[in-house]
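Close look at the chain arrangement
These are the residues of each chain, in order.
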Number of protein chains: 4
Amino acid sequence: MICILKPGVTKDKQEQLIKWLKSQNLGVHISEGETHCVLGLIGDTSKVDGDLLESLEIVEAVRRVSEPYKTCSRQFHPDKSVIDVSGVRVGEGLTVIAGPCSVESEEQIITVAKEIKKAGADILRGGAFKPRTSPYSFQGLKGEGLKLLSLAKKETGLPIVTELMDIDHIDLFDDVDIIQIGARNMQNYELLKELGHVDKPILLKRGLANTIEELLMSAEYIMAGGNERVILCERGIRTFERATRNTLDLSIIPVLREKTHLPIIIDPSHATGKANLVPPMALAAVAAGTDGVMVEVHNDPLHALCDGAQSLKPEQFADLARRMMIIREVVS
Amino acid sequence: MICILKPGVTKDKQEQLIKWLKSQNLGVHISEGETHCVLGLIGDTSKVDGDLLESLEIVEAVRRVSEPYKTCSRQFHPDKSVIDVSGVRVGEGLTVIAGPCSVESEEQIITVAKEIKKAGADILRGGAFKPRTSPYSFQGLKGEGLKLLSLAKKETGLPIVTELMDIDHIDLFDDVDIIQIGARNMQNYELLKELGHVDKPILLKRGLANTIEELLMSAEYIMAGGNERVILCERGIRTFERATRNTLDLSIIPVLREKTHLPIIIDPSHATGKANLVPPMALAAVAAGTDGVMVEVHNDPLHALCDGAQSLKPEQFADLARRMMIIREVVS
Amino acid sequence: MICILKPGVTKDKQEQLIKWLKSQNLGVHISEGETHCVLGLIGDTSKVDGDLLESLEIVEAVRRVSEPYKTCSRQFHPDKSVIDVSGVRVGEGLTVIAGPCSVESEEQIITVAKEIKKAGADILRGGAFKPRTSPYSFQGLKGEGLKLLSLAKKETGLPIVTELMDIDHIDLFDDVDIIQIGARNMQNYELLKELGHVDKPILLKRGLANTIEELLMSAEYIMAGGNERVILCERGIRTFERATRNTLDLSIIPVLREKTHLPIIIDPSHATGKANLVPPMALAAVAAGTDGVMVEVHNDPLHALCDGAQSLKPEQFADLARRMMIIREVVS
Amino acid sequence: MICILKPGVTKDKQEQLIKWLKSQNLGVHISEGETHCVLGLIGDTSKVDGDLLESLEIVEAVRRVSEPYKTCSRQFHPDKSVIDVSGVRVGEGLTVIAGPCSVESEEQIITVAKEIKKAGADILRGGAFKPRTSPYSFQGLKGEGLKLLSLAKKETGLPIVTELMDIDHIDLFDDVDIIQIGARNMQNYELLKELGHVDKPILLKRGLANTIEELLMSAEYIMAGGNERVILCERGIRTFERATRNTLDLSIIPVLREKTHLPIIIDPSHATGKANLVPPMALAAVAAGTDGVMVEVHNDPLHALCDGAQSLKPEQFADLARRMMIIREVVS
């Protein structure tokens, strides 16, 4: 951590600050520049409140040198992580996740599961507990939805991923292969802490207004608890643009590749909100080097109970899957 | 709900759509314009998926006519709500909430409580459970912190407000007068639903990237469960500007005044992140007609365990409180 | 245009409004819903001030039905436009534009021009007039830079594109093949109007905080003046994320494809600000169906006078160009 | 400027970098930390490309120590500037600017000018050249509008402020007291440079997506040319919130007070876009310590040719002016 003093600070005040910093068990390295004096703080600076330091009258600016995350950092774990999900190796090749936004009926989920499997998908998605902006909207089939997902898994052999909104529901998730944490819960720290003790991979979605660094800090919450099987997921950020529901930030792919060893999945369906925008964005994600893509597929989008507007029909998905595989070949 | 068809849609396709809409138990009112045909949907449109409708090939745009919230709307409840908090009437006059970011020790919280009471504050704030971006940061004194808040309440008579992060902690909150829900949990719907059954006022903070409408929808979650004592709180939104931690959106005050009967509180400390910016923003909030202000006060900001940079010293707070009261007089 | 009245408006006030609307030469079509009365305005609504209408006491909301742009709309010109740039057909296949941020010397620009030509680029870019945030930064070689670009054009046969910041410089641009308008001037309407009378293609960059609709409206300014050869360019928008300089909004590609017949070029260099992020984003743009890519290439990034951090070396560019062509094959 | 090297950089590479830095005429001060080596660069770093430095393989991060602006900085000019506008002293007390969005007719501008003068306004505003998103919207009365403003000035004695969009129009601005530069031209550097040679005060509006630092850099462009009479103006920034047209960032007032000696004016009319939000936001600005407020007033908002929705009627303005004066008394 580096602390830059204002020009013209008296020796007296400077020494007072240094004394206080040392009392916090920090080493202090002084460097006098032409106009500014810079203090390099050495030791465990993770507990230093940089904002507080910066608010002091004699301090001009404070800069962190090291990144605030550890376990998920590529510095500490140079090889890319591959996360085994019941035999599917996420982080190796391209993982394709597909399925409806909400589980609605046995017929629906089994039809879709079979279709996506035929088209080459690796994992089945489907919402049982649904976070909805309005308390008056359909909130998902809940426990019943999880049972239907299990049926589809038995029928097709596809591992399943579905969203958990409350740790009290965890007992219902026994047969689930990956637990999804939605964008709205990305900084629900109590939930993240609990997930640190769960023996399942976690798909952690980036919050609508969260930076890449905050996403990594939330992964760190889970990993600090002992569960290192975290898969990151970009699903669009909130910007001023309204032509799409959110703005899909694909540059997160190469940025994360540098910073972390964790795999990254792109969800173009929630990001764009419109089915016709999904294929170009999915192909773009593959070209940019993503580890996986998660796409909404519904056998009857017109009658979907949730987010039908952004769902592909099975035949559209099959075509997309085929093209994604070709691009994957080209970029790898 | 209004559904605008694309120009040149065939009668056939138009009738097919109208048939489908009627099968959803909606009345349809057709209005032929010069270039566009507009369908007015009549009945309970709250379950219609507007995005899905808009994704249909023949539809150009879909617009909701009525607002998606009900209980919190000023249309259904024209008088401003006044929420009684152990004798303090929030929504009537100016309510001043003050206290440290975190409860740290008996001496600290009681000193601060006495100081703010002397200066005219109505309610004591103090964090016991702290949401922190990093799992390695100080997470609050938890149960111990709540006990210290109770002590301070006994000592001064000030009602207390503190943050709840998990419904499982609710038993510890018996003596708490207002439960605060932080920005990161504004859309933690499972938690909001539980709060609908709690018999205490809720201070609901706006999420960093949430619209005013979404804030009202989250209030609606709580109210739909039966707890109508919701107090809204603005604490800054995330924008591109970095000179302040967040951007305090004071226009929320007159906007909410039109839309809802619920009271609104402004938190300039978290919004700006810097103590010297707090007084001007607090005064501005009062001038804009806020129902209350929540300010961080610490007896020793330099040694605060959390957010010391944004805390006022008691004497600074006393001066601010005095000036807020004068401006309140002028604007009311 | 649709005007939704508040519930419970008296017949009297309603008729008063309708009378006023008719006095503006508008037809009014009345549709009574269950709770709301909706007025459909028929005729030339392009001069109606929707915000004003919405501010009236009895009006709840106003919605435009038709898009505010015309000449650039795909509705009025269903075929994609192909813009001929001295033989290069922008809008047909993939156009690759490359070159240094700034023209610095004869040796530099000719070396780079030859290298990019060898690698398959179609057009040479290079800044002569440079918009810089600071008045103290290098502002470009100006007229001298344009002469060097001409030399490079003569040497390689590549058409050239360079930025115009002031219409008074237009005489110096005789030999320029495409005039670039930078993001900061996207809404410099006086300049756009002048460009309507210029007989050269215009590359119009999206402003940092401008919506896709505003980009089209600025294109409309140029086209309304008579110059219909406009090429649109996405170069990143400003969001809260700081891991990249800006956030590249690739979903603009399929969105524009629906709305306009004009070609779209993606500039990943300015969007990301870092050379290592450029290749994945360029490949992603091609996979999403862009008409072209504009990439910064410098023979000696370490000594570039401007934006060296985001420049590829010629051999990196050659490798990227090769991979872009393969992906283009796959998606077309 | 500080350059932080990655951990584990070899002595060899480190020395190579230092050699290169010294060849750029910089002194280098080396400070070895526990994990990182930090280089302090001494001398004229204003020409160092920080992004380029940061892109080098061995560099982790680069931080500027000094601010990039000079003439407008409070460090170089500790006293607040007071700018004389034909006798009105902007920066001393509260300056009230009012008038219609557009000048429309002699009767309109003279009626409004008299009304606002009676209510206590100091300066008359009115647009003659209007920047409009659509080329098909009313673009202002131009030269004719300027003549009408002069008439109103003669009639009332009020100095006038109006927007300049192109330096070629400057001859028409002889009788104008303050030249306004609109948000869309804040980074039209060619125009800013020309304004450096104009002998009139400039009212510089913050761009929709520009940081406070960029606003100061644009002021610096004007001041570097010799014209130091720059007045800054906040008129709302673009965020995700749509309940208001833009988000008025009032924290700019105390932030600018620290950074610059230039006066700051708040424009709540363009920021909110709705007349009923203007008075609370204007009062808030005064409470936060602004040097002035600029408010749209129209004698007949319903028939205004531009932005009628956000205009106050003269009697509403008179009431607001009275209340602003009282709050000004309280805060000063």
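Residues numbered from 1 in each chain as written. Chains lettered and ligands numbered in written order. Predicted model: local features only at pLDDT ≥ 70, side-chain atom pairs only at ≥ 80, totals over all residues. Heavy atoms only, no water.

1. Focus: the overall build of chain A
Applicable threshold: Labels follow the DSSP assignment, with helices taken as runs of H or I lasting at least four residues and strands as runs of E lasting at least two, numbered in each case from the N terminus. Exposure classes here rest on a 1.4 Å probe applied to the protein chains alone. A residue is buried below 20% of its type maximum, exposed above 50%, and partly exposed in between. Only heavy atoms matter for contacts: two residues are in contact if any of them lie within 4.5 Å across the pair. Throughout, the Shrake-Rupley method with a 1.4 Å probe supplies accessible areas, and for residues the shown protein chains are the sole cover considered. When charges are counted, Lys and Arg contribute as positive and Asp and Glu as negative, whereas His and the chain ends are disregarded. Where a charge lies is defined by one atom per residue type, namely NZ (Lys), CZ (Arg), CG (Asp) and CD (Glu).
A tally of helices and strands in chain A yields 10 helices and 14 strands. For chain A, the spread of C-alpha atoms along the principal axes amounts to about 75 × 40 × 40 Å. A buried classification covers 64% of the 332 residues belonging to chain A. Sequence-distant contacts in chain A: of pairs separated by 6 or more residues, those separated by 24 or more amount to 67%. Carbon and sulfur atoms provide 47% of the accessible area of chain A, an area that totals close to 11,700 Å². Of the charged side chains in chain A, 39 are positive and 47 negative; the average position of the first set lies 2 Å away from that of the second.

2. Looking at helix H7 (residues 252-259) of chain D
Within the span of H7(D), buried status applies to D:Ile252, D:Ile253, D:Pro254, D:Val255 and D:Leu256. Structurally, H7(D) contributes buried residues whose contacts are with helix H9 (278-287) of chain B together with helix H6 (212-224), strand S12 (230-234), strand S13 (264-266) and helix H9 (278-287) of chain D.

3. Observations concerning helix H10 (residues 314-331) of chain A
Residues and elements named next belong to chain A. What counts is decided by this rule: Here, expected helix span is obtained from the residue count minus one, scaled by 1.5 Å. The arc refers to the directions leading from the helix axis to the C-beta atoms.
The end-to-end C-alpha separation of H10 is 26 Å, in line with the 26 Å expected for 18 residues at 1.5 Å each. For H10, the set of buried residues is Pro314, Phe317, Leu320, Ala321, Met324, Ile327 and Arg328. With its buried residues spanning 135° around the axis, H10 presents them on a single face. Exposed residues on H10 whose side chains face more than 90 degrees from its buried face are Glu315 and Glu329.

4. Points about the relation of the copies chain A and chain B
Note the threshold: The copies were overlaid by least squares, fitting only the C-alpha atoms of residues that reach a pLDDT of 70 or more in each copy.
Note on the identical chains: chain A maps onto chain B by a rotation of 180° and an axial translation of 0.0 Å, with an RMSD of 0.0 Å. Considering both components of the superposition, the chain copies are consistent with a two-fold axis. Across chain A, the rotation axis passes nearest the C-alpha of A:Ala209, at a separation of 2.7 Å. An overlap of 100% is found between the interface residues of chain A and their copies at the interface of chain B, pointing to a shared contact surface.

5. Comments concerning the relation of the copies chain D and chain A
Between chain D and chain A, which share one sequence, the superposing operator has a rotation angle of 180° and an axial displacement of 0.0 Å; the RMSD is 0.1 Å. By residue overlap, the copies meet face to face through one surface: 100% of the interface positions of chain D are interface positions in chain A.

6. With respect to the sheet that holds strand S14 (residues 292-296) of chain A
All names here are of chain A. We apply this condition: Here, strands pair whenever DSSP counts at least two bridges between them. Every angle, taken between N-to-C directions, lies between 0 and 180 degrees, and every axis is a line fitted to C-alpha atoms, over only the stretch in contact when it is a helix.
With respect to topology, eight strands assemble into a closed barrel ordered S7-S8-S9-S10-S11-S12-S13-S14, the strand pairing being parallel. When the angles between neighbouring strand axes are averaged without regard to direction, this sheet yields 25°. Where strand S7 (residues 95-99) lies against strand S8 (residues 123-125), two bridges are found, and the strand directions are parallel. From the neighbouring strand, Ile97 faces S8, where its bridge partner is Ile123. Strand contacts of helix H7 (residues 252-259): strand S12 (230-234) and strand S13 (264-266), with the helix running at about 170° to S13, the strand carrying the most contacts.

7. Some thoughts on the pairing of strand S9 (residues 160-163) of chain B
Residue and element names in this part refer to chain B. Just so we agree on the cut-off: A crossover counts as right-handed when, viewed with the strands pointing away from the observer, the path leading from the first strand over the helix to the second turns clockwise.
Going residue by residue along S9, you find Ile160 and Thr162 tucked away on one face and Val161 and Glu163 tucked away on the opposite face as well. Relative to S9, strand S8 (residues 123-125) runs parallel, the two being bridged by two bridges. Note that in S9 the partner of Leu124 across the bridge is Ile160. Handedness of the crossover is the feature at issue here: the chain leaves S8, passes through helix H4 (residues 143-156), returns alongside S9, and the resulting connection is right-handed. Inspection of the sheet shows S9 paired to strand S10 (residues 178-181) by three bridges, in the parallel sense. Its bridge partner being in S10, Glu163 is matched across the sheet by Gln180.

8. Focus: the nonpolar core
To keep it simple, the criterion reads: Think of a nonpolar core as a cluster: buried Ala, Val, Leu, Ile, Met, Phe, Trp, Tyr and Cys residues, connected wherever their side-chain atoms sit within 4.5 Å.
Membership of the largest hydrophobic core comes to 311 residues, with the highest contact counts inside it found for A:Leu195, A:Phe317, B:Leu195, B:Phe317, C:Leu195, D:Leu195 and D:Phe317. Excluding its chain neighbours within four sequence positions, the residues that come into contact with D:Leu195 are D:Leu164, D:Ile167, D:Ile179, D:Ile181, D:Ile202, D:Ile222 and D:Asn227.

9. Some words on the interface of chain D and chain A
It is common to give the size of an interface as the accessible area lost on bringing the parts into contact. As a reminder, the rule being used: Amino acid classes used here: Ala, Val, Leu, Ile, Met, Phe, Trp, Tyr, Cys and Pro are nonpolar; Asp, Glu, Lys and Arg are charged; the rest, including Gly, are polar.
The interface of chain D with chain A comprises 22 residues on the first partner and 22 residues on the second. Of all elements in the fold, only strand S1 (2-5), strand S2 (27-32), strand S3 (37-42) and strand S4 (59-63) of chain D reach the threshold of two or more residues within the side of chain D that touches chain A. Of the residues in the side of chain D that touches chain A, the class split is seven nonpolar, eight polar and seven charged.

10. Some points on the sheet that holds strand S8 (residues 123-125) of chain C
Residues and elements named next belong to chain C. Read once around its circumference, the closed barrel built from eight strands follows the order S7-S8-S9-S10-S11-S12-S13-S14, with strand pairing classed as parallel. Between one strand axis and the next, the sheet turns by 25° as a mean value, whatever way the strands run. By the bridge criterion, four bridges tie strand S11 (residues 202-205) to strand S12 (residues 230-234) in an arrangement that is parallel. The residue of S12 that forms the bridge with Ile202 is Val230.

11. Things to note about the pattern of salt bridges
This is how the line gets drawn: Any carboxyl oxygen of Asp or Glu within 4 Å of a side-chain nitrogen of Lys or Arg constitutes a salt bridge here.
Inspection of every chain in the model, using the stated rule, returns 68 salt bridges over all chains. The residue A:Lys80 makes a salt bridge to A:Asp291 at a minimum N-O spacing of 2.5 Å. Of the two residues, A:Lys80 sits in the loop between strand S4 (59-63) and strand S5 (83-85) while A:Asp291 sits in the loop between helix H9 (278-287) and S14, which places them 211 residues apart along the sequence. Given the relative accessible area of 28%, A:Lys80 is considered partly exposed. Each member of the salt-bridge network shares a partner with another, and the members are A:Arg206, A:Glu234, A:Asp249 and C:Glu241.

12. Looking at the interface of chain A and chain B
Put simply, the rule reads: The quantity reported as buried area is the accessible area (1.4 Å probe) lost by two parts once they are put together, taken as the sum for both. Within 3.5 Å is the distance limit for a polar contact, defined as a pair of N or O atoms, with the added protein rule that one can donate a hydrogen and the other accept it, and that residues adjacent in sequence qualify only through two side-chain atoms.
Of the residues lining the interface, 46 residues belong to chain A; the matching set on chain B comes to 47 residues. Summing the contributions of chain A and of chain B, the shared interface buries around 4,100 Å²; its carbon and sulfur component is 53%. Summed over the shared surface of chain A and chain B, the number is two salt bridges. Scanning the region where chain A abuts chain B turns up 18 residue pairs in polar contact (both at pLDDT 80 or more). Sorting the residues of the side of chain A that touches chain B by element identifies helix H2 (50-55), helix H5 (189-195) and helix H6 (212-224) of chain A as the ones contributing at least two each.

13. Focus: the domain arrangement of chain A
Rules: Domain delimitation in this document rests on an assignment produced automatically or drawn from a domain database.
One can read the domain layout of chain A as domain 1 (2-63) and domain 2 (83-331). Here the C-alpha centre of domain 2 of chain A lies 45 Å away from the C-alpha centre of domain 1 of chain A.

14. Regarding the packing of aromatic side chains
Test applied: Each Phe, Tyr or Trp ring, with Trp reduced to its six-membered ring, pairs with another whose centre is within 6.5 Å; inter-plane angles below 30 degrees give stacked pairs, above 60 give edge-to-face pairs, and intermediate values give tilted ones. Cation placement over rings: the criterion is NZ of Lys or CZ of Arg within 6 Å of the ring centroid and within 35° of the ring normal.
Summed over all chains, the structure comprises eight aromatic pairs over all chains. Arranged with centres 4.5 Å apart and planes meeting at 20°, the rings of A:Tyr189 and A:Tyr221 form a pair that is stacked. With A:Tyr189 in helix H5 and A:Tyr221 in helix H6, this pair connects stretches of sequence that are 32 residues apart. Positioned above the aromatic ring of D:Tyr136, the side-chain terminus of C:Lys70 is 5.0 Å from the ring centre.

15. A word on unusual backbone geometry
Residues and elements named next belong to chain C. Here Lys142, not a glycine, exhibits a phi torsion of approximately 55°, which is positive. Tracing the backbone shows Lys142 in the loop between S8 and helix H4 (143-156). Look at Lys142 and you get partly exposed, because its relative accessible area is 35%.

16. Quick notes on the side chain of B:Ser73
Residue and element names in this part refer to chain B. Within the fold, Ser73 resides in the loop between strand S4 (59-63) and strand S5 (83-85). By relative accessible area, Ser73 is classed as buried at 1%. Looking at Ser73, its side chain comes within polar contact range of the main-chain nitrogen of Gln75, at 2.9 Å.

17. Digging into the environment of C:Gly27
All names here are of chain C. Mapped onto the elements, Gly27 comes out in strand S2 (residues 27-32). Note on Gly27: relative accessible area 29%, which makes it partly exposed. Taking the C-alpha atoms as reference points, Gly27 and Gly40, separated by 13 residues in sequence, lie 8.0 Å from one another.

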